[in-house]
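# Examining the three-dimensional arrangement
Below, each chain spelled out in residue letters.
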Amino acid sequence: MAFSDQFDPGPQIAQCGTVNLGTRDIEKSLFFFRDTLGMEEVERKDNVSYLRCYQELGHHSLVLTEQEEAVVNAFSFRVKRPQDVALFHEELSRQGIEVLEVPAGAEAGRGEAIRFLLPGGGHPFELYYDMEKPLAPESMRSRLPSNSSKRRGLGVRRIDHFNIQTSPDTINQAESWVRDTLGFKRREFAHLPNRPGTVLASWMSVTPQVHDLAIVANGLNKTAQLHHIAFNLQDFSDVLTAADTLRDLDVSYGVGPGKHGIGQAMYLYIHDPGSDHRVELYAGGYLIFDPDWKAIEWEQEAFPDGMTWYGDPIDTSTGSRGRDTTGCAGLYRNELVPAPAK
């Protein structure tokens, strides 16, 4: 037995794992994620497509489900050990949180999982460990064993983070619960200027990244909102190439390219033409290795630099679609399987 195995740290989250996005037009979404961003379509089952980026060895990081409502069906996080799924189940039940057991195979390539609604947020979270690691078809396979496939399209490397919103009345509950129960560490944050002590935004991680998950106060006092899903590109020049390429296609722009002060990464916000979900292409940023890292607070006067160090100002008040403040992620499902196809 290894020395470290003699100590049980308890259940832990390993990484931002997968997201299941509802789309009204799966072919348009596949044009965007597969044909343009360069993701590999690993498997297709009826109205559901499973995709991964070229540096992801797991079965998928993105599930596209064709359905009437373009909503987020699940945000999923991988845990560090097989037993952590059951241990988290026990803790959530102890807290009085309703937990649904998701059988292995409910998502292709994935083992059993648990599902619950984020306290204070209402977002559907899932926790899992087992994930198949299939080889890509030989024609797509990379000579580099750390890559699942050859780099294609705009070359998204991996899923990077989720940015979700809930109301100012519930954000403190949601943010503290994510830290206290799931073990996320607060890296950078800001308070609402007119509500001292109420979180405006918090960037949290379980990895050395500045954030695997961000929670932001929704300006319309809505809960269970999505702001964006982010995919990682290798460097700043890839974001500029993406901006140039996407400008020539039927892809709606949000904001960018620009650079965040918070996290110090370059960003480009765009919209999946099949679902209108906001997607961020994200490159660069700094990593945190200090075990005694102290969370950085952004005061009101400096906060605009945190959002946009250079580039166009970012509107954090809207939901996923951006062009209307309701957003397309206001409805969330608490079901074991995706919504039926249209």
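Residues numbered from 1 in each chain as written. Predicted model: local features only at pLDDT ≥ 70, side-chain atom pairs only at ≥ 80, totals over all residues. Heavy atoms only, no water.

The name that an unreviewed UniProt entry assigns to the chain is Manganese-dependent 2,3-dihydroxybiphenyl 1,2-dioxygenase, with the source organism given as Martelella mediterranea DSM 17316. Under the Sequence similarities (unreviewed entry) heading, UniProt states for the chain: "Belongs to the extradiol ring-cleavage dioxygenase family." If you open the UniProt record of the chain and go to Subunit (unreviewed entry), you find "Homotetramer." (UniProt positions renumbered as here; feature names shortened; annotations may be inferred.)

### What about the overall build of the chain?
Each helix and strand in the chain was counted, giving five helices and 18 strands. Principal-axis analysis of the C-alpha atoms places the extent of the chain at approximately 55 × 50 × 45 Å. Counting only residues that meet the buried cut, the chain has 55% of its 342 residues in that class. Long-range pairs, those at least 24 residues apart, make up 68% of the contacts in the chain between residues at least 6 apart in sequence. Working note: accessible area of the chain is about 14,800 Å², and carbon and sulfur atoms make up 49% of it. Within the chain, the 48 negative side-chain charges are centred at a point lying 2 Å from the centre of the 34 positive side-chain charges. (Helix = DSSP H or I, 4+ residues; strand = E, 2+ residues; numbered from the N terminus. Buried < 20%, exposed > 50% of the residue type's maximum accessible area, 1.4 Å probe, protein only. Contact = heavy atoms within 4.5 Å. Areas by Shrake-Rupley, 256 points an atom, 1.4 Å probe, with all protein chains shown as cover. Lys, Arg positive; Asp, Glu negative; His and termini not counted. Charge placed at Lys NZ, Arg CZ, Asp CG, Glu CD.)

### Some points on the pattern of salt bridges
Pairing is possible between side chains that carry opposite charge, provided their charged atoms lie close to one another. Applying the stated rule across the entire model yields 17 salt bridges. The closest approach of N and O atoms between Asp 8 and Arg 81, which form a salt bridge, is 3.2 Å. Here Asp 8 is found in the segment before strand S1 (13-23), whereas its partner Arg 81 is found in the loop between strand S5 (72-79) and helix H2 (84-94), with 73 residues between them in sequence. If you follow the salt bridges from partner to partner, you end up with Glu 27, Arg 34, Asp 35, Glu 41 and Arg 44 in one network. (Salt bridge = Lys/Arg side-chain N within 4 Å of Asp/Glu carboxyl O.)

### With respect to H2
By the burial criterion, the buried members of H2 are Asp 84, Val 85, Phe 88, His 89 and Leu 92. When H2 is viewed along its axis, its buried side chains cluster within an angular range of 145° and face the same direction. Among the exposed residues of H2, those oriented more than 90 degrees off its buried face are Glu 90 and Arg 94. Buried residues along H2 sit in contact with S1, S5, strand S6 (100-102), strand S7 (113-117), strand S8 (124-128) and helix H3 (171-182). The positive-phi residue at the C-terminal boundary of H2 is Gly 96, with phi of around 80°. (Arc of directions from axis to C-beta.)

### What about the state of the cysteines?
Counted by the stated rule, this structure contains zero disulfides. Looking at the unpaired Cys 16, the closest cysteine sulfur is the one in Cys 53, lying at 11 Å. On the basis of relative accessible area, Cys 53 is assigned to the buried category, the value being 0%. (Disulfide = S-S within 2.5 Å.)

### A short note on the sheet that holds strand S2 (residues 40-45)
One open sheet holds the eight strands; their spatial order is S2-S3-S4-S1-S5-S8-S7-S6, and the pairing between them is mixed. Both edges of this open sheet fall to S2 and S6, since each of them pairs with a single strand only. Strand-to-strand twist across the sheet, computed as the mean angle between neighbouring axes with direction ignored, equals 25°. Here S5 runs beside S8; their pairing, made up of four bridges, is parallel. From the neighbouring strand, Phe 77 faces S8, where its bridge partner is Leu 127. Sheet strands touched by H2: S1, S5, S6, S7 and S8. Its angle to S7, the strand with the most contacts, is close to 30°. (Pairing = 2+ DSSP bridges. Axes fitted to C-alpha atoms, helices over the stretch in contact; angles between N-to-C directions.)

### Brief notes about the environment of Gly 306
Here Gly 306 is to be found in helix H5 (residues 303-307). Relative accessible area serves as the criterion here: at 0%, Gly 306 is assigned to the buried category. Linking Gly 306 and Gly 263, residues 43 residues apart in sequence, is a C-alpha distance of 8.3 Å. Setting aside anything within four residues of it in sequence, one finds Gly 306 in contact with His 260, Gly 261, Ile 262 and Trp 298.

### Some points on the pairing of strand S16 (residues 265-271)
With seven of its seven residues buried, S16 lies for the most part within the structure. What you see with S16 is no split at all: Ala 265, Tyr 267, Tyr 269 and His 271 on one side and Met 266, Leu 268 and Ile 270 on the other are buried throughout. Taken together, the two bridges between strand S14 (residues 252-253) and S16 define a ladder with antiparallel strand orientation. What sits directly across from Tyr 253, in S16, is Ile 270. Bridge analysis of strand S15 (residues 258-259) against S16 gives two bridges, and the strand direction is antiparallel. Pairing of Lys 259 across the sheet is with Met 266, part of S16. As consecutive antiparallel partners, S15 and S16 are separated by five residues, and within that stretch Gly 263 has a phi angle of approximately 85°, a positive value. With seven bridges joining them, S16 and strand S17 (residues 278-284) adopt antiparallel strand pairing. Residue pairing for S17: His 271 is matched across the bridge by Arg 278. Linking two consecutive strands that pair antiparallel, namely S16 and S17, is a turn of six residues; a positive phi of about 70° is found at Asp 276 within it.

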